[in-house]
Amino acid sequence: MNFAGKVVLLTGASSGIGYATALHLAKLGASLSLTGRNVDSLTKLVGECTKTPPQKHFVIPGDLTKEKDTEKILTDTINEFGKLDVLINNAGILEPGTIENTSLEQFDRVMNTNIRSIYYLTMLATPHLIKSKGNIVNVSSVNGIRSFPGVLAYNISKAAVDQFTRCVALELASKNVRCNAVNPGVTVTNLHKRSGMTNEAYEKFLEHSRNTHALGRPGDVKELAQTIAFLASDQASFITGASLPVDGGRHAMCPR
């Protein structure tokens, strides 16, 4: 699996799955355009990525819910590298709430981050991906495949990501641009803590994951990074429109 000469734009790169994916792709020879909101973390990340020369990496801080930031991220990437081969839409947020207590403000915040920003960045990137015959990998969730109570807006947003993935795959297939998604189960990141979960609650949540995942454990970010790299690579040249669960079997399980 070789990304030498390939330019990859990765959103949500400052933590979790995005951070791990950047490190993995750097080792595979990719030149990376890294974006996120945590400037200190991005700076640390690019320092780690440059330990595997000779490719160069580029940092563009920004908020994808702001259209001007999204436009700048894409424009600066093209100005820096002259092309784009892979777009990885990883940025996302999780917020708790049900139909009884999820406000429209909260709903809009989740949808703007998790699907609207993906839509706009992909739209801007598409002409460049057509030129390079590149591909797109979207980071969705098992929540896009299965329904879980208590995170209503998040579930809806990830189901939308899966539908978006399939539609874009069909629309761009004739132009030799692939589009796929990965659907993580519970993965050890700071996503749930950012949603307001306490350390104690999070530890109990991870322990409970032993029962909710067929393989008896939560996932590791490196497992997601490796799968994302596979889908973005030429080894997946005949895969498009797929939503690939990386969830320890959780999507296949039913309560008994």
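Refer to the structure presented above.
Residues numbered from 1 in each chain as written. Predicted model: local features only at pLDDT ≥ 70, side-chain atom pairs only at ≥ 80, totals over all residues. Heavy atoms only, no water.

Caption draft 1: Main features of the environment of Phe205. Among the structural elements, Phe205 can be located in helix 7 (residues 199-212). Residues Phe205 and Pro218 lie 13 residues apart in sequence; the distance between their C-alpha atoms is 9.7 Å. (Helix = DSSP H or I, 4+ residues; strand = E, 2+ residues; numbered from the N terminus.)

Caption draft 2: Geometry of the packing of aromatic side chains. This structure, assessed with the given rule, holds two aromatic pairs. Where Phe58 meets Phe81, the ring centres are 6.4 Å apart and the plane angle is 85°; that geometry is what we call edge-to-face. Taken together, the residues span a long stretch of sequence, with Phe58 in strand 3 (residues 57-61) and Phe81 in helix 3 (residues 67-81) at a distance of 23 residues. Where Tyr119 meets Phe164, the ring centres are 5.9 Å apart and the plane angle is 45°; that geometry is what we call tilted. Linking Tyr119 in helix 4 (residues 104-132) with Phe164 in helix 5 (residues 152-172), this pair joins segments that are 45 residues apart in sequence. A relative accessible area of 48% places Tyr119 in the partly exposed class. On the basis of relative accessible area, Phe164 is assigned to the buried category, the value being 11%. (Phe/Tyr/Trp six-rings, centres within 6.5 Å; stacked < 30°, edge-to-face > 60°. Buried < 20%, exposed > 50% of the residue type's maximum accessible area, 1.4 Å probe, protein only.)

Caption draft 3: The arrangement of the side chain of Asp76 in detail. Looking at the secondary structure, you find Asp76 in helix 3. In this structure the side chain of Asp76 is engaged in a polar contact, spanning 2.5 Å, whose partner is the side chain of Lys72. Residue contacts for Asp76: discarding those within four places in its chain leaves Phe58 and Ile60. (Polar contact = N/O pair within 3.5 Å; in protein donor to acceptor, adjacent residues only side chain to side chain. Contact = heavy atoms within 4.5 Å.)

Caption draft 4: Up close: the sheet that holds strand 5 (residues 135-139). Read from one edge of the open sheet, seven strands run 3-2-1-4-5-6-7, paired in parallel fashion. Two strands bound the open sheet, and with one partner strand each, they are strand 3 and strand 7 (243-246). The average angle at which neighbouring strand axes cross in this sheet is 15°, direction not considered. Strand direction decides the pairing type here: strand 1 (residues 7-10) and strand 2 (residues 31-36), joined by four bridges, are parallel. Following the sheet pairing, Val8 is matched in strand 2 by Leu32. (Pairing = 2+ DSSP bridges. Axes fitted to C-alpha atoms, helices over the stretch in contact; angles between N-to-C directions.)

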